[in-house]
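Structural features, examined
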Amino acid sequence: MSKKDEKSPKHEPMIGIDIGGTGIKGGIVDLKKGKLIGDRFRVPTPQPATPDAVADVVAKVVEELSSRDDAPSPSSPVGVTFPGIIQHGIVLSAANVDKSWLNTDIDALLTKRLGRPVEVINDADAAGLAEARYGAGKGVDGTVMVITLGTGIGSAFIFNGQLVPNAELGHLEIDGFDAESKASAVARERDGLSWEEYSVLLQRYFSHVEFLFSPELFIVGGGISKRADEYLPRLDLRTKIVPAELKNEAGIVGAALEIAVHHNIAK
Ligand code: BGC
């Protein structure tokens, strides 16, 4: 090994998979840069999205990624996200997914189906980890909250770069309603709200979270972060609020990062 190699340990690429309500997306992640190597691969989520049907699609996505020249070794672990609470590999909530997931050992299911180690984390937690390491939260000390606006509202609670897992701030009760039922991106479309009307709901939501946690920074993720100019300038908060930087790759990158750290492949 040359001196140069000793100083710069090889960053093995890792596979990350993001399970969503409409698509199951995967990529090979360069963990040094926090970016995908090559294209993202996406397969529509099967309907009904039962555990076995989803596991089959995850296997298909991993197979496609593994056939590429840049693929990591076939036995390397795979990081996966899921849109619900995951504790010790078990799915403990299923707000916007098939209820048959409840109490499924998703780590065990996917590890068996893929024949390689798999660990699953909450989708917003994955996005939060990726943003904190490579994106809008890079180098920010104190509390950073990543809020994803999509089908539901996801949240990641990060303190000094460390994730406090499974914060479910999309389900805060605000004005008598589950917050995500009114203020998610899908609720905006469903209710035909203008950006101005939607901003009123976001103002209510973010002021409440700000009051509860006094974060240093809010990062807004989810597909709607692309339209941040339409609503962020209308919000009046004492906390800085910025759009996510990794866009729709954050979940894939965060899932790969989490499992790499867990397996001592990255720090
Ligand atoms: C779920 C969260 C998830 C979020 C975004 C919510 O309904 O409870 O676990 O992170 O949706 O998918």
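Residues numbered from 1 in each chain as written. Predicted model: local features only at pLDDT ≥ 70, side-chain atom pairs only at ≥ 80, totals over all residues. Heavy atoms only, no water.

1. Focus: the packing of aromatic side chains
Where two aromatic rings form a pair, the distance of their centres and the angle of their planes describe that pair. Summed over the entire model, instances satisfying the criterion amount to 7 aromatic pairs. Aromatic side chains Phe 157 and Phe 213 sit 5.3 Å apart centroid to centroid with 75° between the ring planes, which places their arrangement in the edge-to-face category. A residue pair is termed long-range when its members are at least 10 positions apart, and Phe 157 in strand E9 (residues 153–159) and Phe 213 in helix H7 (residues 195–213) qualify at 56 residues. The exposure class of Phe 213 is partly exposed, given its relative accessible area of 29%. Pairing Trp 195 with Tyr 198 gives two aromatic rings, centres 6.2 Å apart and planes at 65°, and the pair type is edge-to-face. With a gap of 3 residues between them, Trp 195 and Tyr 198 both fall in helix H7, about one helical turn apart. There is no split in this pair, since Trp 195 and Tyr 198 are both buried. Taken together, the ring pairs connect Trp 195, Tyr 198 and Tyr 231 into an aromatic cluster. The ring of Phe 177 is capped by Lys 182, whose NZ or CZ atom sits 4.2 Å from the centre of that ring. Directly above the aromatic system of Tyr 198 lies the positively charged group of Arg 188, at a separation of 5.9 Å from the ring centroid. (Phe/Tyr/Trp six-rings, centres within 6.5 Å; stacked < 30°, edge-to-face > 60°. Helix = DSSP H or I, 4+ residues; strand = E, 2+ residues; numbered from the N terminus. Buried < 20%, exposed > 50% of the residue type's maximum accessible area, 1.4 Å probe, protein only. Lys NZ or Arg CZ within 6 Å of the ring centre and 35° of its normal.)

2. Comments concerning unusual backbone geometry
Cis geometry marks the peptide bond from Gln 47 to Pro 48; its omega dihedral reads -5°. Here Pro 48 is to be found in the loop between strand E3 (35–44) and helix H2 (51–66). Positive phi, close to 50°, is recorded for His 88, a residue that is not glycine. Here His 88 is to be found in the loop between strand E5 (86–87) and strand E6 (90–91).

3. A closer look at the site of the ligand
In the neighbourhood of the ligand, the contacting residues comprise Pro 83, Gly 84, Ala 95, Asn 96, Asn 122, Asp 123, Ala 124, Ile 153, Gly 154, Glu 168, His 171 and Glu 180. Separating an oxygen atom of the ligand from a side-chain N or O atom of Asn 122 is a distance of 2.9 Å. Within the side chain of Glu 180, a nitrogen or oxygen atom sits 2.8 Å from an oxygen atom of the ligand. Protein contacts shield 93% of the accessible area of the ligand, which totals 310 Å² for the unbound molecule. Those elements that provide at least two residues to the shell around the ligand are helix H4 (123–134) and E9. (Near = heavy atom within 4 Å. Polar contact = N/O pair within 3.5 Å; in protein donor to acceptor, adjacent residues only side chain to side chain. Areas by Shrake-Rupley, 256 points an atom, 1.4 Å probe, with all protein chains shown as cover.)

4. Description of the pairing of strand E4 (residues 78–82)
For E4, a buried count of 5 out of 5 residues is recorded, marking the element as mostly surrounded by other parts of the structure. The alternating pattern of E4 places Val 78, Val 80 and Phe 82 on one face and Gly 79 and Thr 81 on the opposite face, and all of these are buried. Of the strand pairs in this sheet, E4 and strand E7 (residues 118–122) are connected by 5 bridges, and their pairing is parallel. Across the sheet, the residue bridging to Thr 81 is Ile 121, located in E7. (Pairing = 2+ DSSP bridges.)

5. Quick notes on helix H9 (residues 250–262)
Here H9 is 13 residues long and its end C-alpha atoms lie 18 Å apart, about the 18 Å a rise of 1.5 Å per residue gives. Residues of H9 that are buried: Ala 250, Gly 251, Ile 252, Val 253, Gly 254, Ala 255, Ala 256, Leu 257, Ile 259 and Ala 260. Lining the buried residues of H9 we find strand E1 (14–19), strand E2 (23–30), E3, E4, E7 and H4. One or two positions beyond H9, positive phi appears at Asn 264, with a value near 60°. (Expected span 1.5 Å × (residues − 1). Contact = heavy atoms within 4.5 Å.)

6. Some remarks on the sheet that holds E1
Here we have 5 strands laid out as an open sheet, ordered E3-E2-E1-E4-E7, and mixed in their pairing. At either margin of the open sheet sits one strand with a lone partner, and together these are E3 and E7. Adjacent strand axes in the sheet meet at a mean angle of 20°, parallel and antiparallel pairs treated alike. Of the strands in this sheet, E4 and E7 touch helix H3 (residues 106–114), which is tilted by about 140° from E7. On the sheet, H4 packs against E1, E4 and E7 and is oriented at approximately 90° with respect to E7. (Axes fitted to C-alpha atoms, helices over the stretch in contact; angles between N-to-C directions.)

7. A short note on the confidence of the model for the chain
Counting all residues, the mean pLDDT for the chain is 94, and 96% of those residues have values of 70 or more. Segment residues 1–9: pLDDT under 50, and 1 contact once partners within four positions in sequence are set aside and those in other chains are kept. (pLDDT = per-residue confidence, 0-100.)

8. Description of H3
Taken as a whole, H3 has its buried residues at Ile 106, Asp 107, Leu 110 and Leu 114. One side of H3 holds all its buried residues, which, seen down the axis, span an arc of 100°. The elements touched by buried residues of H3 are H2, E4, E5, E6 and E7. Note on H3: the residue one or two positions beyond its end, Gly 115, has a positive phi of about 65°. (Arc of directions from axis to C-beta.)

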